[in-house]
Amino acid sequence: MAADPVKPVQPVRPVQGELERASGDFTEAWLANRRLSAHTRAAYRRDVHQFLGWCAGRDLDPLRVSFLQVNAYARDLESTVDVRSGKVLAPASVARKLSALSSWYGFLLRLQAVAVNPVGGADRPRIDRDTSSTVGLTAGEVDAILAAAARQTGVTAARDLAILALLADLGLRVGEVVALDHADLGVERGHRTVRFVGKGGKPRRRALTAAVTAALDGYVGVGTGGDGPLFTTATGARVDRHAVFRLVRRLAREAGVPAWERLSPHSLRHAFATAARDEGVPLEDVQDAMGHADPRTTRRYDRDRHNLDRDPAYTIAAARARRGDGAGS
């Protein structure tokens, strides 16, 4: 009697709880493998967990989804309303979420946990690299906000002024400011400096202007000093980015800035780059100061770059005229 043919063993699909635990382990391993700031790490973790939740709601195994299903997820994101703004997610936000997801799948691909990266073939939103959605500020409006901060009284007045000075005069990211410790302040070759971890986990340093130095000295002089977080709450906890968001909007409102409700700490960073370019600081120097890997990112902040007064044709013509005047003398 012939033996029954051997049936191929079918892979056993893990139950949802096991799948979630495995995906969570993969996510933490992926995050630990990348040099990221705490804020970026938290954002990427949320992005992946959001996708895992979307898969769970459709009984999809995230380790076996196709690019078509990632496309469906992207279209859902494009119609998702941001609870903070009340508006649908911006294309840049959707692109960032898909970029995080692509990095996650790329890590799984190297571990051979998936056969392909399904985000690779997905249709991502087109991002205009020549513009920024950040609400900008004029130089005068930045001055008015700093003046409003300087007029404050109370136990947090010196702290708030120091935070605003770092955002406005150095163009630091809010995450970089709130992560500062007392030990990050120093002196190098005659310059007062601040060291911090920039985007991508890259150690950076910047020189402090006289105004920032004065603000920090005024704050540290009345604070506890020593080790630990530079900017703290009344209970000694590190000031978080949400508190700085509220601070910027409150001071902008007091300063009479019309768009105060739509501002963020990034508006001050935006204004720093715009003002630097308006004052003739070379693009490369602004790029280095802001820690941008791509000069196109820096150019987005230069909203006056399309001003016809800056057309290089004028500079070339003026130089030719000077040469002509010299030849005729």
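Just above sits the structure.
Everything numeric in this text was worked out from a predicted model, so none of it was measured.

What counts, and where the lines are drawn
- Residues numbered from 1 in each chain as written.
- Predicted model: local features only at pLDDT ≥ 70, side-chain atom pairs only at ≥ 80, totals over all residues.
- Heavy atoms only, no water.
- Phe/Tyr/Trp six-rings, centres within 6.5 Å; stacked < 30°, edge-to-face > 60°.
- Helix = DSSP H or I, 4+ residues; strand = E, 2+ residues; numbered from the N terminus.
- Buried < 20%, exposed > 50% of the residue type's maximum accessible area, 1.4 Å probe, protein only.
- Contact = heavy atoms within 4.5 Å.
- Axes fitted to C-alpha atoms, helices over the stretch in contact; angles between N-to-C directions.
- Parallel < 35°, antiparallel > 145°, perpendicular 65-115°, else oblique.
- Nonpolar A, V, L, I, M, F, W, Y, C, P; charged D, E, K, R; others polar.

**Student:** Honestly, the packing of aromatic side chains in this entry has me stumped. Any pointers?
**Tutor:** For any pair of aromatic rings, the description rests on two quantities: the centre-to-centre distance and the angle between the ring planes. A full pass over the atoms with the stated rule returns seven aromatic pairs. Centre to centre, the rings of Tyr-219 and Phe-231 are 5.4 Å apart; their planes meet at 25°, and the pair counts as stacked. In this pair, Tyr-219 sits in helix H8 (residues 210-222) while Phe-231 sits in the loop between H8 and helix H9 (241-254), placing the two residues twelve residues apart along the sequence. The pair Tyr-219 / Phe-231 is uniform in exposure class, with both members buried.

**Student:** Can you help me understand the environment of Val-65 in this one?
**Tutor:** Among the secondary structure elements, Val-65 is positioned in the loop between helix H2 (38-57) and helix H3 (67-78). The class of Val-65 is buried, set by a relative accessible area of 7%. Spatially, the C-alpha atoms of Val-65 and Val-116 are 9.5 Å apart, while their sequence positions differ by 51 residues. Dropping the residues within four chain positions of it, Val-65 is found in contact with Phe-51, Cys-55, Leu-60, Val-70, Tyr-105 and Pro-118.

**Student:** What exactly am I supposed to notice about the packing of helix H6 (residues 157-170) against H9 here?
**Tutor:** A pair of packed helices is captured by two measures, namely the crossing angle of their axes and the spacing between those axes. The N-to-C vectors of H6 and H9 enclose an angle of 90°; their axes lie 11 Å apart at closest approach. When the interaxial angle is binned, H6 and H9 end up roughly perpendicular. Seen from H6, the contacting residues are Asp-160, Ile-163, Leu-164 and Leu-167; seen from H9, they are Val-244, Leu-247, Val-248, Arg-250 and Leu-251. Along the lines of polarity and charge, the residues of the contact of H6 with H9 split into seven nonpolar, no polar and two charged.

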